Amino acid sequence: MTTLSSGFARARRWLREHPLAFDATLAFCTLVAMICSSFTDPGDGHGPPAFGARTPELFSVLLMTLSAAALVLRRRRPMQVLAVTAALAAVEYVLMDPPAPVVMSTVIALYTVASRTDRPTTWRVGLLTMGGLTAAAMVFGSTPWYSQENFGVFAWTGLASAAGDAVRSRRAFVDAIRERAERAERTREEEARRRVAEERLRIARDLHDVVAHHIALVNVQAGVAAHVMDKRPDQAKEALAHVRDASRSALNELRVTVGLLRQQGDPEAPTEPAPGLAVLGELVTTFRNAGLPVEVACADRDRLPAAVDLAAYRVIQEALTNVRKHAGAGAKAEVSVVRVGATAEVTVLDNGRGSAGLRPGTGPADGGPGDDDGSAGGGHGLVGMRERVTALGGVLTAGPRYGGGFRVHAILPVEARTGEPERPGTAGGTGLRR
């Protein structure tokens, strides 16, 4: 059953990719159906139809062949194909008695027109075709005008118009939903980028105001103290007191400004120095104790600049947090930090089988908000990691691995753009014990 269904799926996909071949196949099947029906005598309505009771005329076979051949072009020239098939069906009703079912091709052509045009056109063309063919069958046929064959022409052409209009409406509805979803996704991404830009601008303004004002004041007072230090020590002490007050005020305002970025419920700011790769072993131990096996491969190279060291640590922390949350039971993680030329590469791999929809970065827009809980302490999911890496001039990529699992890869330049001095005490920060 599975093999049969897969075969049907492949055939359907091939026919969808080759519409001309599909229309040629449809035209051939329609011709076979018309010829078979032309050998059937419907009788007087009191018994079953008799196959082989009559033989179609050569002229009728020619009309059926021409009308079926016209269906090959039904997608490219729907109106012209409908006109040709309707004219051939009308000729059959006028000249042949009993008529062959040439109207079958007209029904298919009318369906095509209805599915590819608007509703007013469908109504006009459908009513004209239905009325013209039904009138021809009633007026020129040998059967009474109220016979079921004549009303069958009216019913089948009307059904083709209704079915084509329903298919067109459904296609338009699906296209509208898809377009609306794409537009909403674009709007959501643009809104997120706009908010990030506005927040950056506001923080930059606040930090500039705080730092520029107080540093200028400190600079002036320090210059005064240096100028009068030898001759007027009391005035120098007063200037240094102003320096101390200005620096304390600057620190307080910076703490308030940065505190605006914190979410409710976030842990208090740590008083210890910022972590780095020197304490990566402790971080890995916490995840192992939580039930996540982690293997670490870290080359023992030169120490990294402070900003790069911190960014690498935060990337690993956030990536392992996402593995523990979303990778599922039995997942394992691998962490590697290597120096490649003037860059440091941080890679976190896992073999988890968690739901792709819950893994950060596997949504409609890779690298989107993802896991925005900020549980890593240094950012908000992939957005926090990417912002931190980009700020240093690096590149971060994240996405599913072939065969299952997830991969986070960050390339960090060894020389950070921030120009921070290196932290003391982080020597050998990349040489870790597992």
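Residues numbered from 1 in each chain as written. Predicted model: local features only at pLDDT ≥ 70, side-chain atom pairs only at ≥ 80, totals over all residues. Heavy atoms only, no water.

1. Here we look at the overall build of the protein
Definition in use: A run of DSSP states H or I qualifies as a helix once it reaches four residues; a run of E qualifies as a strand once it reaches two. Both are numbered from the N-terminal end. Residue burial is assigned from relative accessible area. The probe radius is 1.4 Å, only protein chains are included, and a residue is buried under 20% of its type maximum, exposed over 50%, and partly exposed in between. To measure how exposed things are, a 1.4 Å probe is used in the Shrake-Rupley method; for residues, cover is taken only from the protein chains shown.
Scanning the protein from terminus to terminus reveals eleven helices and seven strands. Buried positions account for 35% of the 434 residues belonging to the protein. Counting every atom, the protein has about 25800 Å² of accessible surface; 61% of that belongs to carbon and sulfur.

2. Description of the sheet that holds strand E3 (residues 294–298)
Put simply, the rule is: Two strands pair if DSSP finds at least two bridges between them. Each axis is a line fitted through C-alpha atoms, taken for helices only over the stretch in contact, and angles between the N-to-C directions span 0 to 180 degrees.
Overall, mixed pairing links the five strands, which are arranged E3-E4-E5-E7-E6 in an open sheet. Of all the strands in the sheet, just E3 and strand E6 (395–400) have a single pairing partner and so form its edges. For this sheet the average axis-to-axis angle between neighbouring strands, irrespective of direction, equals 10°. Two strands pair when backbone bridges link them, and strand E4 (residues 333–340) and strand E5 (residues 343–350) are joined in this way by eight bridges, in the antiparallel orientation. Its bridge partner being in E5, Val 335 is matched across the sheet by Val 348.

3. Describing helix H5 (residues 103–116)
Put simply, the test is: In a helix, the anticipated span is given by 1.5 Å times the number of residues less one.
Here H5 spans 20 Å end to end across 14 residues, near enough to the 20 Å set by a 1.5 Å rise per residue. With eleven of 14 residues buried, H5 lies mostly within the body of the structure. Those residues of H5 that sit buried are Val 103, Ser 105, Thr 106, Val 107, Ile 108, Ala 109, Leu 110, Thr 112, Val 113, Ala 114 and Ser 115.

4. Remarks on the pairing of E3
Only one face of E3 is covered, namely the one carrying Val 294, Val 296 and Cys 298; the face carrying Glu 295 and Ala 297 has none of its residues buried. By the bridge criterion, five bridges tie E3 to E4 in an arrangement that is parallel. Counted as the bridge partner of Val 294 is Ala 333 from E4.

5. Topic: the pattern of salt bridges
Heads up, the condition is: Throughout this description, the term salt bridge denotes a Lys or Arg side-chain nitrogen within 4 Å of a carboxyl oxygen of Asp or Glu.
Here the structure, examined in full by the defined rule, presents ten salt bridges. For the salt bridge of Arg 168 with Asp 165, the shortest nitrogen-to-oxygen distance reads 2.8 Å. Of this pair, Arg 168 and Asp 165 both sit in helix H7 (residues 148–228), three residues apart, which is roughly one turn of that helix. With respect to class, Arg 168 is no different from Asp 165; both count as buried. Ionic pairing is found between Arg 188 and Glu 185, a salt bridge with its closest N-O pair at 2.3 Å.

6. Things to note about the nonpolar core
Let me state the cut-off plainly: Nine residue types can take part in a nonpolar core, namely buried Ala, Val, Leu, Ile, Met, Phe, Trp, Tyr and Cys, and a core is a set of them joined through side-chain atoms within 4.5 Å. Only heavy atoms enter the contact rule, under which two residues are in contact if any of them lie within 4.5 Å.
Judged by nonpolar contacts, the single largest core of 38 residues is most densely connected at Val 294, Ile 316, Leu 396 and Val 408. Sorting the residues of this core by element identifies helix H9 (280–289), E3, helix H10 (306–326), E4, E5, helix H11 (381–391), E6 and strand E7 (406–413) as the ones contributing at least two each. If one sorts the elements of this core by residue count, H10 sits on top with ten residues. Ignoring sequence-local partners within four residues, the contact set of Val 408 consists of Val 315, Ala 319, Val 346, Thr 347, Val 348, Met 385, Leu 396, Thr 397 and Ala 398. Membership of the second largest hydrophobic core comes to 15 residues, among which are Leu 31, Met 34, Leu 88 and Ala 137.

7. Re the environment of Ile 411
Among the secondary structure elements, Ile 411 is positioned in strand E7. By relative accessible area, Ile 411 is classed as partly exposed at 31%. Along the backbone, Ile 411 and Val 340 are 71 residues apart, and their C-alpha atoms lie at a distance of 9.3 Å. In contact with Ile 411, not counting residues within four places along its chain, are Thr 343, Ala 344, Glu 345, Val 389, Gly 394 and Val 395.

8. Description of a nonpolar patch on the surface
Rule in force here: Note on patches: the residues involved have over 30% relative accessible area and no salt bridge, like charges join within 9 Å, and the nonpolar side chains Val, Leu, Ile, Met, Phe, Trp and Tyr join within 5 Å.
On the surface, Phe 59, Leu 62, Leu 66, Val 91, Val 94, Leu 95, Val 139 and Phe 140 cluster together into a nonpolar patch covering about 700 Å² of accessible area. Secondary-structure elements contributing two or more residues to the nonpolar patch are helix H3 (58–70), helix H4 (78–95) and helix H6 (119–140). You can see Val 94 is positioned in helix H4. The exposure class of Val 94 is partly exposed, given its relative accessible area of 40%.

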